[in-house]
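Here are the chains, one letter per residue:
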Number of protein chains: 2
Amino acid sequence: MKLSAFGRKFTRNSGILRLMDDLGSAISAGSGKMLMLGGGNPAHIPEVQKYFRTRMESILANGKEFEQTIGDYDGPQGENGFIEVLAELLRKEYGWKIGPENIALTNGSQTAFFFLFNMFAGKGSYGGSRIRRKILFPLAPEYIGYADMGLSDDFFAARKPGIEMLGSQIFKYHVDFSNLKVSGEIGAICVSRPTNPTGNVLTDDEIMNLSDIAGSHDIPLIIDNAYGTPFPNIIFTDAKPIWNENIVMCMSLSKLGLPGLRTGIVIANRKIISSISAMNAIFSLAPGGFGVSLAYDIVASGKIISISRDIIRPFYQAKAETAVSHIQREFKDCGCCIHKPEGALFLWLWFKGLPISSMELYERLKKRGVLIVPGNYFFPGMDGSWKHRNECIRLTYAQDDGVVRKGISIMADEVRKIRRTGNKSR
Amino acid sequence: MKLSAFGRKFTRNSGILRLMDDLGSAISAGSGKMLMLGGGNPAHIPEVQKYFRTRMESILANGKEFEQTIGDYDGPQGENGFIEVLAELLRKEYGWKIGPENIALTNGSQTAFFFLFNMFAGKGSYGGSRIRRKILFPLAPEYIGYADMGLSDDFFAARKPGIEMLGSQIFKYHVDFSNLKVSGEIGAICVSRPTNPTGNVLTDDEIMNLSDIAGSHDIPLIIDNAYGTPFPNIIFTDAKPIWNENIVMCMSLSKLGLPGLRTGIVIANRKIISSISAMNAIFSLAPGGFGVSLAYDIVASGKIISISRDIIRPFYQAKAETAVSHIQREFKDCGCCIHKPEGALFLWLWFKGLPISSMELYERLKKRGVLIVPGNYFFPGMDGSWKHRNECIRLTYAQDDGVVRKGISIMADEVRKIRRTGNKSR
């Protein structure tokens, strides 16, 4: 099979392929076969699912609504009705100065990032000299799914975080603003908030600061808000939903409970939105309409905000606390620091001084029936060697507490063994 | 807004954006506002919709099936259960030597073509010298949606068809095999069957011939089977479903009646399928699972074949015949040739010697409330001037017969006026 450069680049094994393969196999194998602490599948929250079931029933009961939803293409910007009620909700609740011209839908948020990254970085003339620009991650580690998205090589730049210890077993990363040089080779700044994989939540001030820095360089700040506020609002700190004409806010219905329906939402100035629409048409004709149809009424009524705040957030916060207490108990004697859990579905664990790499730890745990994600995948754009990168793992606590507990137990056992025996095999 | 080369290329106006914009506006404006003879939205066929409604009801009634379908990511290859029953159906019915490892799903067929085209063409070393390869369309005109998909410029090559007159008002294109030189710069051959926009159906012999030619150059033959056999089977001639290890068969659930659910299906050798999975993971995490869930039972039972043959095909064939008779009556005195309608949802009309371009005709008709697609968009990869390219239009007959009839009437009136007065405005 003779492949183009594109073909070679994008069909080799990527971190995100491994993660999604693991996830798919674990889900289709059925519960119990694998302890799934790896991928980002959201929990099935009964109260939330009830809303979607009721909505589904009312779509079926409402004349031809079902037939229209499955049977018609939407336009390349996405379903108008949903876009209108979402714009109205965000305008009314948060005073954002937006209208339907500021929102586009995509087949999942991942696809939106492919569009956005490649329109703002890579080869180009950028209104003058022919240069190559990069996407800057001001706070590494960042999302594994970004790593392979650049159409050209050397596509990302990332900055090391400041590390603050908050007690013996808890630490927190900070944006190191003193080291955040933004040169002409940066095409956009991107952060996930909460950060995937660490669960760090950038403060309102940090976001405004990043937005100002981006604005002063005439480049956008892209915020990956897949777990963020106002929905699904898996944030355990105070964080305001922030948007302005220079912020590209990427949201998703996945973590609200609809990952099977692949619905991404981009909120940005109208030029960017019309660009997203144009790319939707070329690469996928139109985004799917079923996800937004299932979410329509809770957006129109504004209930999506209270569901997120009163059901989804407390659900995950309780699970995070339970998982943290399992870890603190199980790892008492074998060195495991937890990034302060401020949001998202993940815990980021740091095994300082572990004699094997997180990649090897992943392989060993997989053999014992526990799936986690090795941390080295979460440093796209970071050059040089930094031991820390191979000492961390990402763990999902979204699944059943019993699964999480058992997985943590096995992990602690394995880490204890490794620390005791050193790395004999290496 | 400073854009990369990618950003500039893919956010400018494309034919497919115009078409999908027109389609979206017409659908959301509601029926009656615009006579929609433009886009490729399939008809709502009540008997078919009934299957999907019944299936939806049974998903809701079957324990947690609804919650799992919306609430879980599939793996990057797509939903295993559907892939298995589809492989079994094609093995059993047509003797294709395939298993689950030969099928991958995508978020719509358009996305599959983006993957396939760019993995087989564009810049690369192709196992040796650094060259640039192209996708070859052996029978222009070809689908408008291909035109903008290449990540590099000069991405397509196309060959002029042979034109055969079958009476005074009917003509047919043929692959001109005598002119089908395949050089080392060709990375794959691609045909749509039925051809979008013309409704031409390549014979089994033509397909085998193309497959042999591709095989002899060690490149794949990609068949866009979105309207083809065995489903949705909108083909009015005899045509066998043909697959071999060198054919990449791209199918879709859209024209079966599920365009809102964005489900593409790729059937190919296992190397290509694992490449598609890898690209799914990177560009969209996973394909959506709702479309295949709605189609699961008719694939598992094999009923999808009889539904296509006994309901969908006759439905469109009757509409095609009605539309043709409207056109032959309305255009009696003003020169309109119809490509022999052998399948798909379209008629391809040739206004020989029209004093204005099809693009201008499109604009004039839009002002009169009739949407069609100007033919010039359907010649990706064809260099040089060829008057024929600007003399044709594509018309969809999938919508209500009253709409089609009225649209044709207005079009005939406009063409008559143009032919009578010449092109005064030019």
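Just so you know, these numbers come straight off a predicted model, no measurement behind them.

How each quantity is defined
- Residues numbered from 1 in each chain as written.
- Chains lettered and ligands numbered in written order.
- Predicted model: local features only at pLDDT ≥ 70, side-chain atom pairs only at ≥ 80, totals over all residues.
- Helix = DSSP H or I, 4+ residues; strand = E, 2+ residues; numbered from the N terminus.
- Rg over C-alpha atoms; globule rule 2.2 N^0.38 Å.
- Buried ≥ 20, exposed ≤ 12 C-beta atoms within 10 Å, placed from the backbone.
- Contact = placed C-beta atoms within 7 Å.
- Pairing = 2+ DSSP bridges.
- Axes fitted to C-alpha atoms, helices over the stretch in contact; angles between N-to-C directions.
- Parallel < 35°, antiparallel > 145°, perpendicular 65-115°, else oblique.
- Nonpolar A, V, L, I, M, F, W, Y, C, P; charged D, E, K, R; others polar.
- Least-squares fit on C-alpha atoms with pLDDT ≥ 70 in both.
- Arc of directions from axis to C-beta.
- pLDDT = per-residue confidence, 0-100.
- Domains from an automatic or database assignment.
- Expected span 1.5 Å × (residues − 1).

Trainee: What should I look at first to understand the overall build of chain A in this one?
Mentor: If you tally the helices and strands in chain A, you get twelve helices and 16 strands. Whereas a compact globule of 426 residues would reach a radius of gyration of roughly 22 Å, chain A reaches 21 Å, a difference of no more than 12%. If one aligns the C-alpha atoms of chain A with their principal axes, the spans along those axes are about 65 × 55 × 50 Å. For chain A, the proportion of its 426 residues judged to be buried stands at 59%. Within chain A, residue pairs in contact and separated by at least 24 positions form 73% of the contacts whose partners lie at least 6 positions apart.

Trainee: I'm lost on the sheet that holds strand β6 (residues 162–165) of chain A in this one. Help?
Mentor: Read across the open sheet, the six strands follow the order β6-β7-β12-β13-β16-β15 (chain A); overall the sheet is mixed. The outermost strands of the open sheet, each flanked by one partner alone, are β6 and β15 (373–374) of chain A.

Trainee: What is the right way to read the packing of helix α9 (residues 290–300) of chain B against helix α10 (residues 303–330) of chain B from this model?
Mentor: Two packed helices can be described by the angle between their axes and the distance between those axes. All names here are of chain B. Their axes nearest at 5 Å, the elements α9 and α10 cross at an angle of 95°. Taken together, α9 and α10 sit at an angle that is classed as roughly perpendicular. Residues Ala 295, Ile 298 and Val 299 of α9 lie in contact with α10, whose contacting residues are Lys 303, Ile 304 and Ile 307. By residue class, the composition of the contact of α9 with α10 is five nonpolar, no polar and one charged.

Trainee: Mind showing me how you'd approach the sheet that holds strand β12 (residues 337–339) of chain B here?
Mentor: Remark on secondary structure: sheet strands pair via backbone hydrogen bonds, oriented parallel or antiparallel. If you trace the six strands from one edge of the open sheet to the other, you get β6-β7-β12-β13-β16-β15 (chain B), paired in mixed fashion. Of all the strands in the sheet, the pair left with one neighbour each is β6 (162–165) and β15 (373–374) of chain B.

Trainee: I'm lost on the packing of helix α2 (residues 15–29) of chain A against helix α8 (residues 270–284) of chain B in this one. Help?
Mentor: Between α2 of chain A and α8 of chain B, the least distance of the axes is 8 Å, while the angle of their chain directions is 100°. When the axis of α2 of chain A is compared with that of α8 of chain B, the two are roughly perpendicular. Judged by residue contacts, Ile 16, Leu 17 and Met 20 of chain A of α2 of chain A engage Ala 278, Ala 281 and Ile 282 of chain B from α8 of chain B.

Trainee: Mind showing me how you'd approach the relation of the copies chain A and chain B here?
Mentor: Both copies of the chain are tied together by a single rotation about an axis and a shift running along it. For the pair chain A and chain B, the relating rotation is 180°, the translation along its axis is 0.0 Å, and the fit reaches an RMSD of 0.0 Å. The superposition operator between the copies reduces to a two-fold rotation axis. Using C-alpha coordinates, one finds that chain A approaches the rotation axis most closely at Asn 107 of chain A, a distance of 3.5 Å.

Trainee: Help me understand the environment of Asp 72 of chain A, please; the structure alone is not making it clear to me.
Mentor: Note on placement: Asp 72 of chain A falls in the loop between α4 (65–71) and α5 (80–94). Among all residues touching Asp 72 of chain A, those that are not within four sequence positions of it are Ile 27, Asn 41, Pro 259 and Gly 260 of chain B.

Trainee: What is the right way to look at helix α11 (residues 358–367) of chain B in this model?
Mentor: Three- or four-residue spacings in an α-helix give side chains the same orientation, since the helix completes a turn every 3.6 residues. Residues and elements named next belong to chain B. Of the positions making up α11, those classed as buried are Ser 358, Leu 361, Tyr 362 and Leu 365. Along α11, the residues classed as buried sweep out an arc of 105° about the axis, all on the same side. What points out from α11, more than 90 degrees from its buried face, is the exposed set Glu 363 and Lys 367. Buried residues along α11 sit against β14 (370–371), β15, β16 (392–396) and α12 (401–421). Positive backbone phi, at 85°, marks Gly 369, one or two positions downstream of α11.

Trainee: Quick question: what am I supposed to make of unusual backbone geometry here?
Mentor: Cis rather than trans, the peptide bond between Phe 231 of chain A and Pro 232 of chain A has omega equal to 5°. Within the secondary structure, Pro 232 of chain A sits in the loop between β9 (221–224) and β10 (247–252). Along the chain, Ala 140 of chain B connects to Pro 141 of chain B via a cis peptide bond; the corresponding omega equals 0°. Following the sequence through the fold, Pro 141 of chain B ends up in the loop between β4 (131–137) and β5 (156–158).

Trainee: Please explain the interface of chain A and chain B as it appears in this structure.
Mentor: Frequently, the measure chosen for interface size is the accessible area that the parts lose on association. Contacts between the two partners involve 79 residues from chain A, matched on the other side by 79 residues from chain B. Broken down by secondary-structure element, the contributors of at least two residues to the side of chain A that touches chain B are α1 (5–11), α2, α3 (46–61), α4, α6 (109–120), β3 (122–124), α8 (270–284) and α9 (290–300) of chain A. Ranked by the residues each element gives to the side of chain A that touches chain B, the list is headed by α2 of chain A, at nine residues. Class assignment of the residues belonging to the side of chain A that touches chain B gives a composition of 36 nonpolar, 31 polar and twelve charged.

Trainee: What's the story with the pairing of β6 of chain B in this structure? I'm lost.
Mentor: Moving residue by residue along a regular strand, the side chains alternate between the two faces of the sheet. All names here are of chain B. Bridge count between β6 and strand β7 (residues 170–174): four bridges; the pairing is antiparallel. From the neighbouring strand, Ile 163 faces β7, where its bridge partner is Tyr 173. Hairpin remark: β6 followed by β7, antiparallel, with four residues in the connecting loop; positive phi at Gly 167, about 100°.

Trainee: Would you take a moment to explain the confidence of the model for chain A for this structure?
Mentor: Detailed reading of the predicted coordinates is not advisable wherever pLDDT is low. Chain-level statistics for chain A give a pLDDT mean of 94 and a share of 98% at 70 or above. Our summary of model confidence lists the complex with pTM equal to 0.96 and ipTM equal to 0.95.

Trainee: Would you explain the domain arrangement of chain A in this entry?
Mentor: Residues and elements named next belong to chain A. When cut into domains, chain A gives domain 1 (5–48 + 307–418) and domain 2 (74–303). The C-alpha-based centres of domain 1 and domain 2 are spaced at 23 Å. Residue-level contacts link 40 residues of domain 1 with 41 residues of domain 2. Mapped by element, the contributors of at least two residues to the side of domain 1 that touches domain 2 are α2, α10 (303–330), β12 (337–339) and β13 (346–350). Of all the elements, α10 adds the most residues to the side of domain 1 that touches domain 2, at eight residues.

Trainee: Quick question: what am I supposed to make of the pairing of strand β7 (residues 170–174) of chain A here?
Mentor: Direction of pairing for β7 of chain A relative to β12 of chain A: parallel, over a ladder of two bridges. Counterpart to Ile 170 of chain A in the pairing with β12 of chain A is Ile 338 of chain A.

Trainee: Teacher, can you tell me more about the environment of Ile 265 of chain B here?
Mentor: Residues and elements named next belong to chain B. Its place among the elements puts Ile 265 in strand β11 (residues 264–267). Each C-alpha atom, one on Ile 265 and one on Gly 108, is 7.8 Å from the other, the two residues being 157 residues apart in sequence. When sequence neighbours within four positions are dropped, the list of residues in contact with Ile 265 reads Ile 103, Leu 105, Met 251 and Ser 252.

Trainee: Would you take a moment to explain the environment of Ile 418 of chain A for this structure?
Mentor: One can find Ile 418 of chain A in helix α12 (residues 401–421). The sequence separation of Ile 418 of chain A and Leu 361 of chain A amounts to 57 residues, and the corresponding C-alpha distance is 9.1 Å.

Trainee: What's the story with helix α5 (residues 80–94) of chain B in this structure? I'm lost.
Mentor: Residues and elements named next belong to chain B. Look at α5: 21 Å from first C-alpha to last across 15 residues, which is about the 21 Å you get at 1.5 Å a residue. In this fold, the buried residues of α5 make contact with β2 (103–106) and α9. Immediately downstream of α5, the backbone of Gly 95 shows phi near 70°, a positive value.

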